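# Report on the structure
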Amino acid sequence: ENGVDGRAIRVGTRRSQLARIQTDSVVTTLRELYPDLHFEIVAMSTTGDKILDTALSKIGEKSLFTKELENALERNEVDLVVHSLKDLPTSLPPGFTIGAVCKRENPLDAVVFHPKNIGKTLSLLPEKSVIGTSSLRRAAQLKKKFPHLEFRDIRGNLNTRLKKLDEKEDFSAIILAAAGLKRMGWENRIGQLLGPEDCLYAVGQGALAVEVRAKDQEILNMVSALHDADTVLCCIAERAFMKRLEGGCSVPVAVNTLLKDGQLYLTGAVYSLDGSDSLKETMQIGVSYPHQNEDGPNDDVQHVGITAKNVPGQAQEAAENLGVELASLLLSKGAKHILSVARQLNDA
């Protein structure tokens, strides 16, 4: 029927508990959609999982959590790989595509407090309280907003970071993605959700991506059933914004998207490392287009690495243009300077 009957579909994932939970959720959905197919999960470690004593922004490797998984995909050892979309660079290696973007979990950042600070918010923490985050984006925004706090690097998977917070006195609180906490079943640890007025989120945050070989039509068709159209359009706009800015995890770039009544609103911002210098703008575009049958030579058009056959092509194009135009606006106002200084300081 879709050409994959009778063989096991191998799904690659990182070994961390969160990665496993995310992959299991995708595989559960695939099993419901395709009860006749057999799926098996193949877990592996990545560079990002192994280097735990260095800030992510300092390692300088674009595909920190994805390279080993992509190598397995290239060697046909797995047929698809589940990632957090925010770990995937805006330009994928040739021969790969994001064949599905699943419905987004809450994309906001969350504050988890040390047990002795339960019930507080960031603004109520005492002077010089230390906040743990491995993200330049979070630190840059929060330093500006909460100048009485200090920010220090914290690495490791979610379990490790929560353990460091709870068992030592080094940190008063740590900042994590709300989506990861929710998926781990630790929503009760969220002491404060940071809205867009406090902290814009990372490109793709909260969404899961399924990466496949671009030419593997059968697998591509199979996973495309997982696409959530609204999430696809928001994430195309965000990724196009990031790509035009040439941002990565070594510079503070942040976004907020909203899709309402056929209009896609994108807020994008760039920051200096200490948050003192920033540029932020919002633009919108209409994305309600009828779905046309776009079979033929264009049916595998990628938009910033995403192939979404079941989302109207014109809507995807509009979303991509929105991201590019917003980035161009910020660049015309001096974003390039802010980002290059941030990059140099970070490299130093």
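Rules behind the numbers
Residues numbered from 1 in each chain as written. Predicted model: local features only at pLDDT ≥ 70, side-chain atom pairs only at ≥ 80, totals over all residues. Heavy atoms only, no water. UniProt positions renumbered as here; feature names shortened; annotations may be inferred. Helix = DSSP H or I, 4+ residues; strand = E, 2+ residues; numbered from the N terminus. Expected span 1.5 Å × (residues − 1). Buried < 20%, exposed > 50% of the residue type's maximum accessible area, 1.4 Å probe, protein only. Arc of directions from axis to C-beta. Pairing = 2+ DSSP bridges. Axes fitted to C-alpha atoms, helices over the stretch in contact; angles between N-to-C directions. Contact = heavy atoms within 4.5 Å. Core = buried A, V, L, I, M, F, W, Y, C linked by side-chain atoms within 4.5 Å.

For the chain, an unreviewed UniProt entry supplies the name Porphobilinogen deaminase and the organism Peucedramus taeniatus. Looking at the chain in UniProt, the text filed under Pathway (unreviewed entry) is "Porphyrin-containing compound metabolism; protoporphyrin-IX biosynthesis; coproporphyrinogen-III from 5-aminolevulinate: step 2/4." In its Catalytic activity (unreviewed entry) section, the UniProt record describing the chain reads: "4 porphobilinogen + H2O = hydroxymethylbilane + 4 NH4(+)".

### Description of helix 1 (residues 17–33)
Taking 1.5 Å of rise per residue, the 17 residues of helix 1 would be expected to cover 24 Å, and the 24 Å separating its terminal C-alpha atoms lies within 8% of that figure. Taken as a whole, helix 1 has its buried residues at Leu18, Ala19, Gln22, Thr23, Val26, Val27 and Leu30. Projection of helix 1 onto a plane perpendicular to its axis shows the buried side chains occupying an angular sector of 170°, all on one side.

### Describing the pairing of strand 8 (residues 173–177)
Counting buried positions over the five residues of strand 8 gives five, a clear majority of the element. Neither face of strand 8 is open: one carries Ala173, Ile175 and Ala177, the other Ile174 and Leu176, and all of them are buried. Inspection of the sheet shows strand 5 (residues 109–113) paired to strand 8 by five bridges, in the antiparallel sense. By the bridge assignment, Ala110 is partnered in strand 8 with Leu176. Pairing of strand 6 (residues 130–132) with strand 8, which is carried by two bridges, proceeds in the parallel orientation. Within strand 8, the position partnered with Ile131 by the bridge is Ala173.

### Section: the sheet that holds strand 9 (residues 190–194)
Ordered by their spatial adjacency, five strands build an open sheet running 7-6-8-5-9, and the pairing between neighbours is mixed. This sheet does not close on itself; its edge strands, each paired only once, are strand 7 (150–152) and strand 9. Between one strand and the next, the sheet's axes are offset by a mean angle of 30°, whatever the strand orientation. Most of the contacts of helix 5 (residues 136–145) go to strand 8, to which it runs at about 125°, and overall it touches strand 5, strand 7, strand 8 and strand 9. Together, strand 5 and strand 8 form the strand contacts of helix 6 (residues 158–167), whose direction differs from that of strand 8 by roughly 165°.

### Details of the nonpolar core
A general tendency of soluble globular proteins is for nonpolar side chains to be buried together. Counting residues in each nonpolar core, the largest one holds 45 residues, and the members touching the most others are Phe241 and Val270. Elements represented by at least two residues in this core include exactly strand 4 (96–101), helix 9 (229–245), strand 11 (253–260), strand 12 (263–271), helix 10 (313–332) and helix 11 (335–347). The element contributing the most residues to this core is helix 9, with 10 residues. With residues up to four places along the chain from it excluded, the contact list for Phe241 reads Val253, Ala254, Val255, Leu266, Gly268, Ala269, Gly323, Val324, Leu326, Ala327 and Leu330. In this structure, Val11, Leu37, Ala100 and Leu208 belong to the second largest nonpolar core, which totals 20 residues.

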